[in-house]
Every structure is written in structure tokens, then in C-alpha cells.
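Analysis of the macromolecular model
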Amino acid sequence: MIAGRRESEQVYLLIKRELLSGQFRPGDRVDSAGLRPIAGTSHIPVREALQRLCGEGLIEAFRGEGFFIPYVTETSLAGQFEFQHTVLAFCAHKGMPVDPEVLRQIDFAALRALPKAEATARLFVAVAIASRNIGAERAVRQANDGLHVVRTLTEDLITDRLQEFDHLSETWRAGDLA
């Protein structure tokens, strides 16, 4: 049973990585049969992974039609950003003052070198971890996943990315983010 759980988790992570990498476009059908060779497993772990991803909002299921990448609308995108903002504000408030031990574990220079989407996600997870609220941390991780592709696609729109990242991280470290 444990081996089965590990296999399901590996398949889930593999498919999630494919989704977050931008391999699929909004409206694309996510075919479980097509994912089996990539995952190297039977249809059961693939379907379990797809159901889990559906629960996380990264894909949608339609009875009799299968799984699809959701379309991104202005309303849904605004809602996702608003939700993440609200959860992050809660985390920032709960995690103040920031525990110096949490700050020592973060390599801010290494974060600056990452692509914007990844650096932003990791900084937001650090803020959530500092709150010591596992539910809020899960919510931030899930919101990061939902916004990952959009953040990746808009990477070039923010010309002063490092300045923005530095401002966010310094504001949080100073306790002013809340």
C-alpha cells in the first residue's frame, strides 16, 4: 500500500510539473491515456493524480468529456490574486515579528537569481511558513500553483523585477508587509 501511495504521489508530481511548465494551454484536453506512457504507470495512478489536480483547481473535469485546462478569465484571475493577497496579509500579520531563524534559512541572493515566478512563489511560501499556520501555508502554495503559468508568461512585463523583489523581501523582513 505504501508503494502504491508513493507511486501515486510521483505520478501526481510529474503531471503537476507538466501542467505548471506550460505544456498545456487553456482549453486543452488532458488525456489520461496520453499521460500513462509519460508517467510509466497504469491508468489508476494517473486518474488519481488528475482527480487531485482537479481538486486543486489546476484542471477541470467534465462528466463524459474528461479533464481540461481551465480558461483564464479576467474575473478568475482577479479572484486568484485577491485570494492570495488576503492569505498573504493574514500570514504576514500572524508571522510578525519575523522569526530570525526563519530568515536565516532563506538565501535571498539565490532567490534573486531565480525566474520571477519561482522567486515570488518561494518568498510567499516563506511568509506563510513564518506564520506557523499550516492551513495558510497550504493555501499560499495552492494559490502559487494557480498563478504560476500567468506569472511565467508575464515575466517580461516587469522590467525592474529585482527591484520589486528586493522591495517585497525587505519590507517583509522589516515587519512592514502586514
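Now for a look at the structure at hand. Given the structure is predicted, the values throughout are model-derived calculations rather than measurements. (Residues numbered from 1 in each chain as written. Predicted model: local features only at pLDDT ≥ 70, side-chain atom pairs only at ≥ 80, totals over all residues. Heavy atoms only, no water.)

One pass over the structure, following the stated rule, counts one aromatic pair. Relative to Phe 68, the ring of Phe 62 has its centre 5.9 Å away and its plane inclined at 65 degrees; by these criteria the two rings are edge-to-face. Relative accessible area serves as the criterion here: at 40%, Phe 62 is assigned to the partly exposed category. Judged by relative accessible area, which is 17%, Phe 68 ranks as buried. Over the ring of Tyr 12 we find Arg 52; its NZ or CZ atom is 3.6 Å from the centre of that ring. (Phe/Tyr/Trp six-rings, centres within 6.5 Å; stacked < 30°, edge-to-face > 60°. Buried < 20%, exposed > 50% of the residue type's maximum accessible area, 1.4 Å probe, protein only. Lys NZ or Arg CZ within 6 Å of the ring centre and 35° of its normal.)

In terms of nonpolar packing, the biggest core is built from 22 residues, with Val 87, Cys 91, Ile 106, Phe 108, Val 127, Val 140 and Trp 172 touching the most fellow members. Counting residues per element, the ones that place at least two in this core are helix H4 (74-94), helix H6 (108-113), helix H7 (116-130), helix H8 (134-153) and helix H9 (161-173). If you tally residues by element for this core, the top one is H7, at eight residues. Ignoring sequence-local partners within four residues, the contact set of Phe 108 consists of Leu 103, Leu 123, Phe 165, Ser 169, Trp 172 and Arg 173. (Core = buried A, V, L, I, M, F, W, Y, C linked by side-chain atoms within 4.5 Å. Helix = DSSP H or I, 4+ residues; strand = E, 2+ residues; numbered from the N terminus. Contact = heavy atoms within 4.5 Å.)

A word on the packing of H4 against H8. Packed helices, taken two at a time, are described by the angle between their axes plus the distance between the axes. Their axes nearest at 10 Å, the elements H4 and H8 cross at an angle of 145 degrees. Note on packing geometry: the crossing formed by H4 with H8 is left-handed. Between H4 and H8, the contacting residues are Leu 77, Gln 80, Phe 81, Phe 83, Gln 84, Val 87, Leu 88, Phe 90 and Cys 91 on the first element and Ala 136, Ala 139, Val 140, Ala 143, Asn 144, Gly 146, Leu 147, Val 150 and Arg 151 on the second. Taken together, the residues of the contact of H4 with H8 sort by class into 13 nonpolar, four polar and one charged. (Axes fitted to C-alpha atoms, helices over the stretch in contact; angles between N-to-C directions. Left-handed = near helix turned anticlockwise from the far one by under 90°. Nonpolar A, V, L, I, M, F, W, Y, C, P; charged D, E, K, R; others polar.)

Turning to helix H3 (residues 43-55), a few remarks are in order. Between its first and last C-alpha atoms H3 spans 18 Å; for 13 residues at 1.5 Å apiece the expected length is 18 Å, and the two agree. Considered for burial, the residues of H3 that qualify are Pro 45, Val 46, Ala 49, Leu 50 and Leu 53. Down the axis of H3, the smallest arc covering the buried residues is 140 degrees, so these residues share one side. Positioned one or two residues after H3, Gly 57 has a phi angle of 85 degrees, which is positive. (Expected span 1.5 Å × (residues − 1). Arc of directions from axis to C-beta.)

The antiparallel open sheet is built from three strands, whose spatial order is E1-E3-E2. The outermost strands of the open sheet, each flanked by one partner alone, are strand E1 (29-30) and strand E2 (60-62). When E1 meets strand E3 (residues 66-68), the two strands line up antiparallel, connected through two bridges. Residue Val 30 lies in a different strand from E3, and its bridge partner there is Phe 67. (Pairing = 2+ DSSP bridges.)

The next thing to look at is the layout of surface pockets. Volume-wise, the largest pocket comes out at about 570 Å³. Pro 26, Ile 69, Pro 70, Val 72 and Val 149 are, among the 22 residues lining the largest pocket, the residues nearest its centre. When contributions to the lining of the largest pocket are tallied by element, the ones reaching two or more residues are helix H1 (2-20), H4 and H8. Residue contributions to the lining of the largest pocket peak at seven residues, all from H8. Taken together, the residues that form the lining of the largest pocket break down as 12 nonpolar, eight polar and two charged. (1 Å grid on protein atoms, 1.4 Å probe; cavity = no way out; pocket = protein on both sides within 12 Å on 5 of 7 lines; lining within 4 Å. Points joined across faces, edges and corners; volume = space filled by probe spheres on them.)

Mapped onto the secondary structure, Gln 84 falls in helix H4. You can call Gln 84 buried: its relative accessible area is 3%. There is a polar contact of 2.4 Å between the side chain of Gln 84 and the side chain of Arg 151. (Polar contact = N/O pair within 3.5 Å; in protein donor to acceptor, adjacent residues only side chain to side chain.)

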